[in-house]
Amino acid sequence: MSEDFYEVLGVSRDASQDEIEQAYRKKAAEYHPDVSDDPNAEEKFKRIRKAKEVLTDEEQRRAYDQMGHERFEQADKRGGFDGGPGGAGAGPFGGGGGGDPFGGAGGMGDIFEQFFGGGGGGGRGGARQGADLRTSLSITLAEAYEGVTKQLNVTRPERCPDCDGSGHPPGADSQTCPQCNGRGQETTVRQTPLGRVQQTRTCSRCEGEGTLYDETCSTCGGGGITREDASLEVEIPSGIESGQTLRMEREGAPGEGGGPEGDLLVEIEVEDHPDFDRDGADLHYTLPVSFPQAVFGDAVEVPTLDGPVEMDLDAGVQSGETRRLRSKGMPRLQRRGQGDLLVHVQVVTPRDLNEEQREALEAFAEASDEDLEVDQTFFEKIKSSF
Ligand SMILES: [Zn+2]
Ligand SMILES: [Zn+2]
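Scoring rules and cut-offs
- Residues numbered from 1 in each chain as written.
- Chains lettered and ligands numbered in written order.
- Predicted model: local features only at pLDDT ≥ 70, side-chain atom pairs only at ≥ 80, totals over all residues.
- Heavy atoms only, no water.
- Pairing = 2+ DSSP bridges.
- Helix = DSSP H or I, 4+ residues; strand = E, 2+ residues; numbered from the N terminus.
- Axes fitted to C-alpha atoms, helices over the stretch in contact; angles between N-to-C directions.
- Donors = N, O, S within 2.8 Å, 3.2 Å for Na, K, Ca; no water.
- Tetrahedral: all angles 85-135°; square planar, octahedral: opposite > 155°, others 65-115°.
- pLDDT = per-residue confidence, 0-100.
- Contact = heavy atoms within 4.5 Å.
- Buried < 20%, exposed > 50% of the residue type's maximum accessible area, 1.4 Å probe, protein only.
- Salt bridge = Lys/Arg side-chain N within 4 Å of Asp/Glu carboxyl O.
- Phe/Tyr/Trp six-rings, centres within 6.5 Å; stacked < 30°, edge-to-face > 60°.
- Lys NZ or Arg CZ within 6 Å of the ring centre and 35° of its normal.
- Patch = residues over 30% accessible without salt bridge, like charges linked within 9 Å, V, L, I, M, F, W, Y side chains within 5 Å.
- Areas by Shrake-Rupley, 256 points an atom, 1.4 Å probe, with all protein chains shown as cover.

This next bit is on the sheet that holds strand S12 (residues 282-289). Hydrogen bonding along the main chain pairs the strands of a sheet, whether they run parallel or antiparallel. The sheet built from 4 strands is open, its strands ordered S11-S12-S16-S15 with mixed pairing. Each of the sheet's edge strands pairs with one partner strand only, and the pair in question is strand S11 (276-279) and strand S15 (322-325). Each adjacent strand pair in this sheet contributes to an overall mean axis angle of 25°, direction not counted.

And the structure:
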């Protein structure tokens, strides 16, 4: 015979954590097998401990309230209970403050929809932090180099300003919900071939509030949530990479029951640059070099994100050779120093020669004792075009 956990501890369904702890200490002292005369003391003591365990764990308690005693116990026996609906994730107070503001990223999309798509609040309870919301923001490589402050416009859920999230006007008359007698929960008992099934769920009439109001807030339609167009300034540190996420604390969905707002996670996307390929803090640049430049060497200009720099090209440089320009790459995020700029030499084979160039190269080939099997018709064609 299993008894509802609230009854085991002798507390009401909306008992606070303190009340539960207190009730537990009292009951545990009473039924401790070492001191109790009750022949079933040990069994009772176990149940008291289990009840306390579940009800003092926010997530388990929520699940217990939603599933009802019977179903919860079955789920519990079937290999443990891990997290409530919504589970996984970062937990209600995920992320924590301080330290590294960068984390992994997840799905994107309209953050207003995210809020209503995900989880959804069940029943009443203490103060709960609002959900974290996600969005993305695109910046150029030059902006990632310098660091930039960007304007981010989001439409996000907001606690209704007209009713402060309660769903009814401040002065509305109220009465105790007759369907649940103010408990916010309904318990139904059904007889099935497998036995008596008890189900506890959030009261459908008052939606767990225990109170009915004569008026509904016209601004939010009673949901307590409205849309807000917010314009936020996002400070993006220099050196940030694609896929990294900035956490803007307290800019997410509003909390419940006076709880704090969730966070807004902004995934940064760094756009590709026409000249540079990025590899962490290093940048790669392909430098086109003419044949004579490669032969004789030259002083060339190489672009960097900080303006062009001069570089000496040695005589005889080969295609595919690389020059490393120290500290001309990207700044390292949250660290000192910069990566390097790797300059990849690419000797460009001349095309569409004019006659003078062609003769010079023929002379070059001859002087090198090179006997080229050149398609004569090709040369004839060129000749005839001048
Ligand atoms: Zn009710
Ligand atoms: Zn409202």
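Let's pick the thread back up.
The protein atoms that coordinate the zinc ion (ligand 2) are Cys160 (SG), Cys163 (SG), Cys217 (SG) and Cys220 (SG), at distances spanning 2.3 Å. Around the zinc ion (ligand 2) sit 4 donor atoms, and with donor-metal-donor angles ranging over 104 to 115° the site reads as tetrahedral.

Below, the discussion takes up the coordination of the zinc ion (ligand 1). Within the first shell, the zinc ion (ligand 1) binds the protein through Cys177 (SG), Cys180 (SG), Cys203 (SG) and Cys206 (SG), at distances of 2.2 to 2.3 Å. Geometry at the zinc ion (ligand 1) is tetrahedral, judged from its 4 donor atoms and the angles of 104 to 114° they form at the metal. Written as a sequence motif, the donor arrangement for the zinc ion (ligand 1) is C-x2-C-x22-C-x2-C. Taken together, the positions of cysteine 180 in the loop between strand S4 (174-176) and strand S5 (185-192) and cysteine 206 in the loop between strand S6 (195-202) and strand S7 (211-213) put the pair 26 residues apart, joining distant regions of the chain.

Attention now goes to the confidence of the model for the protein chain. Residues at a pLDDT of 70 or more form 83% of the protein chain, whose mean pLDDT is 83. Taken together, the stretch residues 80-109 has pLDDT below 50 and engages in 50 contacts with residues farther than four places along the chain or on a different chain. Low pLDDT, under 50, characterises residues 117-124; the predicted model gives this stretch 12 contacts beyond four residues in sequence or across chains.

Looking now at the pairing of strand S2 (residues 133-139). A one-sided burial pattern is seen for S2, the buried positions being Leu133, Thr135, Leu137 and Ile139 and the unburied ones Arg134, Ser136 and Ser138. Pairing analysis gives 7 bridges linking S2 to strand S10 (residues 264-270), with the strands arranged parallel. Residue pairing in the sheet places serine 138 in a bridge with glutamate 269 of S10.

A word on the pattern of salt bridges. A full pass over the atoms with the stated rule returns 14 salt bridges. Ionic pairing is found between arginine 156 and glutamate 228, a salt bridge with its closest N-O pair at 2.9 Å. Of the two residues, arginine 156 sits in strand S3 (residues 148-159) while glutamate 228 sits in strand S8 (residues 225-236), which places them 72 residues apart along the sequence. By relative accessible area, which is 9% here, arginine 156 ends up buried. Put simply, Asp132, Arg247, Arg250 and Asp263 are held in one network by salt bridges that share partners.

Summed over all chains, the structure comprises 6 aromatic pairs. Pairing phenylalanine 5 with tyrosine 64 gives two aromatic rings, centres 4.7 Å apart and planes at 15°, and the pair type is stacked. Note that phenylalanine 5 is positioned in helix H1 (residues 5-9) and tyrosine 64 in helix H4 (residues 58-67), a separation of 59 residues in sequence. Residue phenylalanine 5 shares its accessibility class with tyrosine 64, and that shared class is buried. Joined through ring pairs, the aromatic side chains of Phe5, Tyr6, Tyr64 and Phe72 make up one cluster. In this structure, lysine 52 is placed above the aromatic ring of tyrosine 24, and the distance from its NZ or CZ to the ring centre is 5.0 Å.

Moving on to a nonpolar patch on the surface. Taken together, Phe291, Val295, Phe296, Leu361 and Phe364 make up a surface patch of nonpolar side chains, about 480 Å² in accessible area. Elements with a contribution of two residues or more to the nonpolar patch: helix H8 (291-296) and helix H9 (355-367). The element contributing the most residues to the nonpolar patch is H8, with 3 residues.

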